[in-house]
Amino acid sequence: KAAEQGHAEAQYCLSVCYYNGNGVPKDGAEAVKWLRKAAEQGNARAQYSLGVGYYNGFGVPKDGAEAVKWFRKAAEQGNARAQYNLGVGYYNGLGVPKDEAEAVKWFRKAAEQGYAEAQYNLGVGYYNGFGVPKDEAEGVKWFRKAAEQRAANAQYNLGECYANGTGMPVDHAESAEWFRKAAGQGDTKTKAEP
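A quick note: this is a predicted structure, and the numbers were derived from the prediction, not measured.

Caption draft 1: Local environment of helix H4 (residues 64–75). Taking 1.5 Å of rise per residue, the 12 residues of H4 would be expected to cover 16 Å, and the 16 Å separating its terminal C-alpha atoms lies within 8% of that figure. Against helix H2 (28–40), helix H3 (44–56), helix H5 (80–92) and helix H6 (100–111) lie the buried residues of H4. Capping the start of H4 is the job of one residue whose side-chain oxygen sits 3.1 Å from the backbone nitrogen of alanine 65: aspartate 63.

Caption draft 2: Region of the structure containing the environment of lysine 33. Considering the arrangement of structural elements, one finds lysine 33 in helix H2. The sequence separation of lysine 33 and arginine 72 amounts to 39 residues, and the corresponding C-alpha distance is 20 Å.

Caption draft 3: Quick look at the packing of aromatic side chains. All chains considered together, the criterion is met by eight aromatic pairs. Ring plane angle 45 degrees and centroid distance 4.7 Å describe the contact between tyrosine 91 and phenylalanine 130, whose orientation is recorded as tilted. Highlighted residues: tyrosine 91 in helix H5 and phenylalanine 130 in the loop between helix H7 (116–128) and helix H8 (136–147), separated in sequence by 39 residues. Among the aromatic residues, ring-to-ring pairing joins Tyr84, Phe107 and Tyr115 into one connected group. The ring centre of tryptophan 106 lies 5.5 Å from the NZ or CZ of lysine 109, which sits over that ring. Geometry around tryptophan 142 places lysine 145 over its ring, the cationic atom sitting 5.5 Å from the centre.

Thresholds applied
- Residues numbered from 1 in each chain as written.
- Predicted model: local features only at pLDDT ≥ 70, side-chain atom pairs only at ≥ 80, totals over all residues.
- Heavy atoms only, no water.
- Helix = DSSP H or I, 4+ residues; strand = E, 2+ residues; numbered from the N terminus.
- Expected span 1.5 Å × (residues − 1).
- Contact = heavy atoms within 4.5 Å.
- Polar contact = N/O pair within 3.5 Å; in protein donor to acceptor, adjacent residues only side chain to side chain.
- Phe/Tyr/Trp six-rings, centres within 6.5 Å; stacked < 30°, edge-to-face > 60°.
- Lys NZ or Arg CZ within 6 Å of the ring centre and 35° of its normal.

In short, shape yes, function no, at least from these values alone.
So this is what it looks like as structure tokens:
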């Protein structure tokens, strides 16, 4: 009833119910209908979710430009997941021209909010010098932030940095510890081959 009366948060919640089949039959088209209503009213979570829908082709045709449009709306409201996905769009040239500096800008916004995947990608940017001047020590700093949040890819990279002395002194014990943590989460790069 609240959704039908135009309440954006209720519209968003109703879309989630249709998406998951909670209390109503699972219905992608109905989920997108309510999601769009909430997104058009400025609900950042709905805008982000609609962007994901366009990115994956759920309930709507795949459309990178439309995905980026909705990610941007949510990102500008401070939604960290949308900021990260907007960065991915710029990095890959999905729906927008490829622009590594713009990608890093959005990764940084999400990373500063503690979003681990953005911290990892920002670390990769600094480590490899894409979108920002190469700075291995700064890359390591962001890998560490993501690794401490249990991001296996960051744990693996941090282990590599300790093993090779990249951006920090060599420390094989620390390297082994980070490799162990990554392997414990299923990171196949760190598992021994038979």
